[in-house]
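Observations on the three-dimensional arrangement
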Amino acid sequence: MIGDGLRRSLSTEGYAVDWVRDGEGAEAALRAGGHALVLLDLGLPDADGLNLLRSARMVGNDVAVLILTARDGLDSRVAGLDLGADDYLVKPFETRELLARMRAVLRRRAGRASARLITADTELDMESHALTHAGATAVLSAREYALMHALMERPGRILSRAEIEERIYGWGEEVESNAVDALILSIRRKVGKGVILNLRGAGWMVAKP
Amino acid sequence: MSGASLRRTALGWMTALLAGIGIAAMLAAYLLARGEAADFLDGQLRQVALNAGPGLVDGRSAAQAPPAADEDPEDQIAVTIWQDGRILRNDPGVDMRRPERLGYAEAVMGGETWRTYTRAAGPVTVRVAQRDVVRSEFARNAALGAVTPLLLLVPLSWLVVGWAMNRVLGRLDVLVGDLAGRSVSATTPLPTQDVPVEVAPLVGAMNGLIGRLQAALDAQRRFVADAAHELRTPLAAMQAQLDVLPASDMSGSRDALAEGLRRASRLVDQLLRLARLDGQEGAAERLDLAAVLIDCVGDHAVLAQAKEIDLGVAITASATLHAPADEIRTLIATLLDNALRYTPAGGEVEVSLGREAGMPVLAVHDTGCGLPPGSEARLFDRFYRAAPPDIEGTGLGLAIARHIAERHGLGLTVENRRDGRRGVLARIVLPA
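These numbers were taken from a predicted model, which means no experiment stands behind them.

**A short note on the overall build of chain A**
Per the secondary structure count, chain A includes 8 helices and 9 strands. Counting over 209 residues, chain A shows a buried share of 44%. Considering only intrachain contacts with a sequence separation of at least 6, the fraction spanning at least 24 residues in chain A is 49%.

**With respect to the nonpolar core**
Nonpolar side chains tend toward joint burial in soluble globular proteins. Residue and element names in this part refer to chain B. Residues Leu 289, Val 297, Ile 328 and Ile 332 are the most contacted members of the largest nonpolar core, which totals 53 residues. Considering each element in turn, this core owes the most residues, 9 residues, to helix H6 (residues 289-306). Contact partners of Ile 328, with chain neighbours within four places excluded, come to Leu 287, Leu 289, Val 292, Leu 321, Ala 323, His 408 and Leu 410.

**Notes on the sheet that holds strand S2 (residues 86-89) of chain B**
Residue and element names in this part refer to chain B. Taken in spatial order, the 5 strands of this open sheet run S2-S1-S5-S4-S3, and their pairing is antiparallel. If you trace the sheet from one side to the other, it starts and ends with S2 and strand S3 (103-109), each paired once. The average angle at which neighbouring strand axes cross in this sheet is 30°, direction not considered. Here 3 bridges tie strand S1 (residues 78-83) to S2, and the two strands are oriented antiparallel to one another.

**Notes on the UniProt feature "transmembrane region" (unreviewed entry) in chain B**
Here the UniProt-annotated "transmembrane region" (unreviewed entry) positions come out as residues 12-33 and 142-161 of chain B. A helix fraction of 100% and a strand fraction of 0% characterise residues 142-161 of chain B, whose end C-alpha atoms lie 29 Å from each other.

**Quick look at the sheet that holds strand S12 (residues 424-429) of chain B**
Residues and elements named next belong to chain B. With mixed pairing, 5 strands are arranged side by side in an open sheet as S7-S9-S10-S12-S11. A single partner strand is all that each edge strand has here, and the edge strands are strand S7 (310-315) and strand S11 (411-416). Averaged over all neighbouring strand pairs, the angle between strand axes comes to 15°, with direction disregarded. Bridging between S7 and strand S9 (residues 348-356) involves 6 bridges; their strand directions are parallel.

**Focus: the interface of chain B and chain A**
Contacts between the two partners involve 32 residues from chain B and, on the opposite side, 31 residues from chain A. Taken over both partners, the interface formed by chain B and chain A buries close to 2500 Å², and the fraction arising from carbon and sulfur atoms is 55%. Ranking the residues of chain B by area buried against chain A places B:Arg232, B:Gln241 and B:Val244 at the top, with a combined share of 20%. On the surface where chain B and chain A come into contact, there are 4 salt bridges. With its nearest N and O atoms 3.0 Å apart, the salt bridge here joins B:Glu350 to A:Arg200. At the boundary of chain B and chain A, one finds 11 residue pairs in polar contact (both at pLDDT 80 or more). For the side of chain B that touches chain A, the element with the highest residue contribution is helix H4 (residues 200-244) of chain B, accounting for 14 residues.

**A word on the side chain of A:Glu123**
Residue and element names in this part refer to chain A. Following the sequence through the fold, Glu 123 ends up in strand S5 (residues 122-125). Within the structure, Glu 123 has its side chain in polar contact with the side chain of Arg 107 (distance 3.5 Å). There is a polar contact of 2.5 Å between the side chain of Glu 123 and the side chain of Arg 116. Apart from residues lying up to four places away in sequence, Glu 123 is in contact with Arg 107, Arg 116, Leu 117, Ile 118, Ala 130, Leu 131, Thr 132 and Met 152.

**Brief notes about the packing of helix H1 (residues 6-51) of chain B against helix H3 (residues 132-180) of chain B**
All names here are of chain B. Where H1 meets H3, the closest approach of the two axes is 7 Å, and the angle between their N-to-C directions is 160°. In this view, H1 runs roughly antiparallel relative to H3, as classed from their interaxial angle. The chirality of how H1 crosses H3 is right-handed. Grouping the amino acids of the contact of H1 with H3 by side-chain chemistry returns 28 nonpolar, 6 polar and 6 charged.

**Structural notes on the packing of helix H7 (residues 325-342) of chain B against helix H8 (residues 397-407) of chain B**
All names here are of chain B. It is the contact of H7 with H8, at a shortest axis distance of 9 Å, that shows an interaxial angle of 140°. You can see that H7 and H8 cross each other, and the crossing is left-handed. Along its contact with H7, which presents Glu 327, Thr 330, Leu 331, Thr 334, Leu 335 and Asn 338, the element H8 presents Gly 397, Leu 398, Ile 400, Ala 401, Ile 404 and Arg 407. Class assignment for the residues of the contact of H7 with H8 results in 6 nonpolar, 4 polar and 2 charged.

**Notes on the environment of A:Ala56**
Residue and element names in this part refer to chain A. Its location among the elements puts Ala 56 in helix H3 (residues 49-58). With 29 residues separating them in the primary sequence, Ala 56 and Glu 27 have C-alpha atoms 8.0 Å apart. Sequence-distant contacts of Ala 56, defined by excluding residues within four places in its chain, comprise Leu 30 and Asn 61.

**Overview of helix H7 (residues 161-168) of chain A**
Residue and element names in this part refer to chain A. Of all the positions in H7, only Ile 164, Glu 165 and Ile 168 are classed as buried. Here the buried residues of H7 occupy an arc of 100° about the axis, which is enough to place them on one side. On its buried side, H7 packs onto helix H6 (142-153), helix H8 (179-191) and strand S9 (203-205).

**Overview of the pairing of strand S6 (residues 130-133) of chain A**
All names here are of chain A. As paired strands, S5 and S6 are joined by 3 bridges and run antiparallel to one another. Bridged to Thr 122 within S6 is His 133. In this antiparallel pair of consecutive strands, S5 and S6, the connection spans 4 residues, and His 129 shows a positive phi of 60°. Across 4 bridges, S6 lies against strand S7 (residues 136-139) in antiparallel orientation. The partner of Ala 130 across the bridge, within S7, is Val 139.

**Section: unusual backbone geometry**
Both trends apply: most residues other than glycine have a negative phi, and most peptide bonds are in trans. Residues A:Lys91 and A:Pro92 are joined by a peptide bond in cis, for which omega reads -10°. By the element assignment, A:Pro92 lies in the loop between strand S3 (87-90) and helix H5 (95-114). Within the chain, B:Glu308 stands out as a residue other than glycine whose phi angle is a positive 55°. By secondary structure assignment, the location of B:Glu308 is in the loop between H6 and S7. Although it is not a glycine, B:Ala357 sits at a positive phi angle of roughly 50°.

Procedures and definitions
Residues numbered from 1 in each chain as written. Chains lettered and ligands numbered in written order. Predicted model: local features only at pLDDT ≥ 70, side-chain atom pairs only at ≥ 80, totals over all residues. Heavy atoms only, no water. Helix = DSSP H or I, 4+ residues; strand = E, 2+ residues; numbered from the N terminus. Buried < 20%, exposed > 50% of the residue type's maximum accessible area, 1.4 Å probe, protein only. Contact = heavy atoms within 4.5 Å. Core = buried A, V, L, I, M, F, W, Y, C linked by side-chain atoms within 4.5 Å. Pairing = 2+ DSSP bridges. Axes fitted to C-alpha atoms, helices over the stretch in contact; angles between N-to-C directions. UniProt positions renumbered as here; feature names shortened; annotations may be inferred. Buried area = accessible area lost by both parts, 1.4 Å probe. Salt bridge = Lys/Arg side-chain N within 4 Å of Asp/Glu carboxyl O. Polar contact = N/O pair within 3.5 Å; in protein donor to acceptor, adjacent residues only side chain to side chain. Parallel < 35°, antiparallel > 145°, perpendicular 65-115°, else oblique. Left-handed = near helix turned anticlockwise from the far one by under 90°. Nonpolar A, V, L, I, M, F, W, Y, C, P; charged D, E, K, R; others polar. Arc of directions from axis to C-beta.

Here you go:
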């Protein structure tokens, strides 16, 4: 039932879907190759999905893999990622989230080549210093870029004012008292308020993918 | 109701035994002494009779001699001498009639029972008599002598038995303390060393019970965990199907369905978390509470922004804690989650880590609807919900939070704010 629903959703989104329902079929499909992304349900009827992933990686298959599972214990999550899965989604999930994660995985895969930092709805191009958020794109100044880069290196992590100042000012440089607020204001003006989240008293962050 | 006291039972039996032995010893001593005394006194009577003759008559009668001060007149021997049928001498208290038979005899004279010995030598007949009372007294004294030390033993035995019992039972106190101080989830067996051999089977049986109980609890926990896991796949399938429904179609029922699915998924998540908490404790590590708090706040930033809630953090003290990180994160996340959930859009949630009376305190203030009066007592019960029914929730969050807090010795309280503003204040007090 999941497979059927997903196949229809993915087709609607414009993906071409090969749907196999057992370990044997999965192995054959992995061997055949040619896929941009594999959605691997660990609850296959006749095989352990993790073993399937392990053997695929061992023969050098580098296809992007997103694991779908009912098990969310830290150990199995770590095991999946250690085996070379790109991401991990615990059932049940909304198709919107799956699609977002698939996009993120694909972008990350592509981004490795083109040097981009990518979070849920934000991309920072490290060469052109272009910031894209929710459809709006703008090129950042050097300090804006340094600030955005610091935040996007670890999405979901709050950076305090002092931490940000340390990142955007060199040694011995005079720190202006409200420089951080001014930079954030100007970044928000360029691509939208939601690009940087403010936690009063703690600092700023960007949302996790 | 508990059974008879071991100590009292042992004392009772000990006393009964000593009393039994005492009575037996008394009887035996009495009978033996009576026999001995009879032989001895008979010999004495005979000796007196052999030595007494007409010569005794010349002397003063024994009756006329003044009795010695410590001499009981009853102890005195009465000697009667006849010669040719005529009485030569007689002591008071006995008949003057000459007995027919020679040798030993019992006779009642003057209302008392006497033991007599009669000897005839030619024309002279001598009868020596002694009161029977003397013999009984002799035996009684012997019996008393035998029973006295045993009677003294009774209180002594109480002391000794009481002391010994206290010692033995004192060793059980350790066991009692261990049992009383045990948490429901403790799985270690009770120690069997230092337990008296007789009590060891009881302790063994208790350990067996603890083991079986633990197995039952484990099975229960595994069942909940497995059930929750198994529910996830069908829920995911329903979600996948729901997501391919065209959004325009019957959008009211579609939204209701989506909402129901979200609730079911959340419930499954929390059931799993609870089942996991009931099991083995995770690996504890040294945590910087401020860092964990900042992380948790970061996790909730998107939610806060989506609801336009002003989420503020004030860290004025540092605190460390030795506990599994994911449990403490769950605890803080639950409080944050509740605060954001029940605070309406545009509200304010204030998270702080400070120090009160020397103890680190983590507090979450919200500007939500507050707790209805009377809900405090049930707030931490599983599936209890104090909040208005139109706000989604499983009723498991605070049950999970309290579980974690208790496990790590943290004081968790949730109450209405007391600073005049509407809303809830949740506090975690760390041990100093």
